[in-house]
Amino acid sequence: MKVNIFFLLINLLAFSQTELYSSFTISKDLANQANAVIRSNDININLKSSNEMLVVQKRIITVLNKNGNDAVDAYAYYDDVTKIKALEAVVYNASGSQIKKIKKNDFKDVSAVNGGTLYSDSRVKYLEYTPITYPYTIEFTCEVSTSNTAFIDSFRPIEGYFVSTENSSYTIDFPEGFTILTKVKNFTDDVLKKSEGANKIHYEVKNLAALKPEMYSPSFFDIAPKVLLRSTHFTLEGVETTVENWNDFGKWMYNDLIKDTHDLPQSTILEIQELVKNENTDLDKAKKIYQYVQDKTRYISVQVGIGGWKPFNASEVDRLGYGDCKALTNYTMTLLHAAGVKSNYVVVYSKDGQRSLEKDFASIQGDHVILNIPQETGEDIWLECTSQKLPFGFIGDFTDDRDVLVVSSEGGKIQHTKKYEVDESLQIIKGHYSISKDGLIEAKATFQSKGIQYDNKYWLETETERELDKHYKNRWGYINDITIKDMRLHNNKDQIEFIEDISFQGDNYSKIIGDRMLVHVNAFNRNEHVPDRYRNRKLPLKVKRGFKDLDEVEIKIPADYVVESLPKNNSIENKFGVYKTEVIVKDEHTLVYKREFTIKDGEFPKEDYTAFRDFYKTVARQDNAKIALIKS
């Protein structure tokens, strides 16, 4: 009897496992709006000591269509201190029958960084598989050992949009006397199951439906469920430490990773001191040095967390003339120090999602490094040291408005980077256009852009004439047969403003019906954007960055026409912004069109989305308003 029960359990286990390979066993709830389904994802972390960790992952994922291929994520990083001990993938067809096995040596092996690299030993093995049919299932097994114990994987059961999860588990074992801290985010109700034993923590979730992206919503990272984990005692780059809070973390970074890299040749120190000898303020000295770095160096892409956390020595960057974000930031800081200007190394999450470091969870975070110059009065200065184009003190949407770690000899502290307020992100248009009796438009305008609107345009300065012509034709795509006649661009880095002087002409701008002519009043800055409609909005409304447009345009109408009717004036103010328009009759053949359009940044409940969309719809409709002319 016991033998029969044993074989029954073995058969049930085998059947259960086989079910995960077949796409036919996926529930409708999990298949709904999913491109891929994680059938099972088991991560087991064995933290053996402060400098030894073993990570084992077994992952089964069913890809339902070609859009789900990116969710396979079958890869493993390795370098001098991280070794791949086992790596394998098995492919199954829709019914769960094995069709292919890929061994470790069959995985693609490439450098882990793009372009040139200072870290040639950082590499990644990844699966390159081209499916013949859909759906298919991949079982991925990976075992990695490392002496870097600062990076303990988080538990992230949902890995991206349009990916659902059937089963996901996470287990960490750790030595006696170690403390593992955790932070749970974005789990609802009792979805997350947790169990703890002696020196062990286990998490498990089941049946998480796929998330679908929605326009104007928080970033995926801010809404996805996760558990963050860290050990207070760890080793990174061969340096062992104990970290309780961000102050400890900053002291460790400064003393063990940064301080001994501040070497410069005496010749460079003298060169810098000579460069700034006539500057009266630290700010003026910093501007000179920032330009020096931009002229002397170039950026090599190596991401924090792949290429290591310790920057190259300043002397090495001085000799080579290039470096990654850590190296260039550290180099700039060292040059500033040579001139007597205080600055601080800053760890940040980059890109336009405005992701902040966790204020109450001191751990290895961030993917980029910038520089902070503290100011006794006014806002601190933030410098992006990898760009050869950005003006001094301008960081744009790459690192704006987020919590970062500022590292100094005193320790680490969380600070907030520059936020570009609505009134700072300003575009001012001054222009004029004339309409011929045949409906042709001749137009000229000056566009002055600041703040985030500057960030959207300063790159135009280095574009070819052909690319600029294409850009402006696309910007005014609502004008028929447009010809760009003149383009004059000026990047004022001192004032951080971008000036565009543009003139163009276009055929059939107006519509002629008998004795009447209809003319779109807004020729230069017509909003055609209307946010997507959602019948059942799931996510909150978030506007990341606000802006303000101020337009004033003089309009000349044909000599043999007079105004029959004008668009109505608008004055709308609500929690989302402002929209005001006015058409003034200057004389019989001259009109003046004034427009203000402001969008405020902020977070709002999902119930506000319909009103927000209606506001944009109103703006789009009114921006399309027409002047009615009639022959005199």
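The structure this text deals with has already been given above.
To keep things clear, this report deals only with the structure shown in the data block. (Residues numbered from 1 in each chain as written. Predicted model: local features only at pLDDT ≥ 70, side-chain atom pairs only at ≥ 80, totals over all residues. Heavy atoms only, no water.)

**Describing the packing of aromatic side chains**
And then number 1: Overall, the coordinates contain 34 aromatic pairs when judged by the stated rule.
And then number 2: With 5.8 Å between their ring centres and 40° between their planes, Phe447 and Trp476 make a pair best called tilted. Highlighted residues: Phe447 in strand 24 (residues 441–450) and Trp476 in the loop between helix 11 (465–475) and strand 25 (483–492), separated in sequence by 29 residues.
And then number 3: The buried category is assigned to Phe447, whose relative accessible area is 1%. (Phe/Tyr/Trp six-rings, centres within 6.5 Å; stacked < 30°, edge-to-face > 60°. Helix = DSSP H or I, 4+ residues; strand = E, 2+ residues; numbered from the N terminus. Buried < 20%, exposed > 50% of the residue type's maximum accessible area, 1.4 Å probe, protein only.)

**With respect to the pairing of strand 21 (residues 403–408)**
And then number 1: The buried fraction of strand 21 is high, at six of six residues.
And then number 2: Alternating residues of strand 21 divide into Asp403, Leu405 and Val407 and Val404, Val406 and Ser408, and every residue in both groups is buried.
And then number 3: Pairing of strand 18 (residues 344–348) with strand 21, which is carried by three bridges, proceeds in the antiparallel orientation. Its bridge partner lying in strand 21, Tyr345 is registered against Val407.
And then number 4: As defined by bridge partners, strand 21 adjoins strand 22 (residues 411–416) across six bridges and the pair is classed as antiparallel. Bridging across to strand 22, Asp403 finds its partner in His416.
And then number 5: Hairpin connection from strand 21 to strand 22: two residues lie between these consecutive antiparallel strands. (Pairing = 2+ DSSP bridges.)

**Quick word on the pattern of salt bridges**
And then number 1: Taken as a whole and assessed by the stated rule, the structure comprises 46 salt bridges.
And then number 2: A salt bridge links Glu316 to Arg319; the nearest nitrogen and oxygen atoms lie 2.7 Å apart. Taken together, the positions of Glu316 and Arg319, both in helix 7 (residues 314–320) and three residues apart, correspond to about one turn of that helix.
And then number 3: On the basis of relative accessible area, Arg319 is assigned to the exposed category, the value being 57%. (Salt bridge = Lys/Arg side-chain N within 4 Å of Asp/Glu carboxyl O.)

**Some thoughts on the side chain of Arg39**
And then number 1: Residue position: Arg39 is located in strand 1 (residues 36–49).
And then number 2: Its relative accessible area of 0% is what places Arg39 among the buried residues.
And then number 3: Of note is the side chain of Arg39, whose polar atom sits 2.8 Å from the backbone oxygen of Ser22. (Polar contact = N/O pair within 3.5 Å; in protein donor to acceptor, adjacent residues only side chain to side chain.)

**Topic: the sheet that holds strand 36 (residues 626–631)**
And then number 1: Sheet architecture is open: four strands sit in the order 27-28-36-31, paired in antiparallel fashion. Every other strand in the sheet has two partners, leaving strand 27 (511–513) and strand 31 (561–565) as the edge strands with one partner each. Shown here is a sheet whose adjacent strand axes are inclined to one another by a mean of 30°, direction ignored.
And then number 2: As paired strands, strand 28 (residues 516–520) and strand 36 are joined by five bridges and run antiparallel to one another. Opposite His520, over in strand 36, you have Lys626 as the bridge partner. (Axes fitted to C-alpha atoms, helices over the stretch in contact; angles between N-to-C directions.)

**Section: the packing of helix 6 (residues 282–296) against helix 8 (residues 325–338)**
And then number 1: Where helix 6 contacts helix 8, the two axes come as close as 10 Å, and the packing angle between them is 140°. For the element pair helix 6 / helix 8, the angle class is oblique. Handedness of the crossing formed by helix 6 with helix 8: right-handed. Contact with helix 6, carried on its side by Ala286, Ile289, Tyr292, Val293 and Lys296, involves Tyr331, Thr332, Leu335 and Leu336 of helix 8 and no other residues of that element.
And then number 2: Its residues assigned to classes, the contact of helix 6 with helix 8 comprises seven nonpolar, one polar and one charged. (Parallel < 35°, antiparallel > 145°, perpendicular 65-115°, else oblique. Left-handed = near helix turned anticlockwise from the far one by under 90°. Contact = heavy atoms within 4.5 Å. Nonpolar A, V, L, I, M, F, W, Y, C, P; charged D, E, K, R; others polar.)

**Things to note about the sheet that holds strand 30 (residues 547–556)**
And then number 1: Taken together, the eight strands give an open sheet; going across it, the order is 25-26-24-23-30-34-33-32, and neighbouring strands pair in mixed fashion. Lying at the two open borders of the sheet, with one neighbouring strand each, are strand 25 and strand 32 (570–574). Across this sheet, the average inter-strand angle for adjacent strands is 10°, counted without regard to direction.
And then number 2: Note: strand 25 against strand 26 (residues 497–506), nine bridges, orientation antiparallel. What sits directly across from Asp486, in strand 26, is Ser503.
And then number 3: Packed on one face of the sheet, helix 11 meets strand 24, strand 25 and strand 26 and runs near 105° to strand 25.

**Describing helix 12 (residues 609–623)**
And then number 1: In a regular helix each residue adds 1.5 Å, so 15 residues correspond to 21 Å; helix 12 covers 21 Å between its end C-alpha atoms and thus fits that length.
And then number 2: In this structure, the buried side of helix 12 is in contact with strand 29 (541–543), strand 30, strand 32, strand 33 (577–587) and strand 34 (590–599). (Expected span 1.5 Å × (residues − 1).)

**Quick look at the packing of helix 5 (residues 266–275) against helix 6**
And then number 1: Viewed as axis vectors pointing N to C, helix 5 and helix 6 meet at an angle of 130°, and their least axial separation amounts to 10 Å. Classified by the interaxial angle, the pair formed by helix 5 and helix 6 is oblique. Between helix 5 and helix 6 the crossing geometry is right-handed. Contact with helix 5, carried on its side by Thr268, Glu271, Ile272 and Leu275, involves Lys288, Ile289 and Tyr292 of helix 6 and no other residues of that element.

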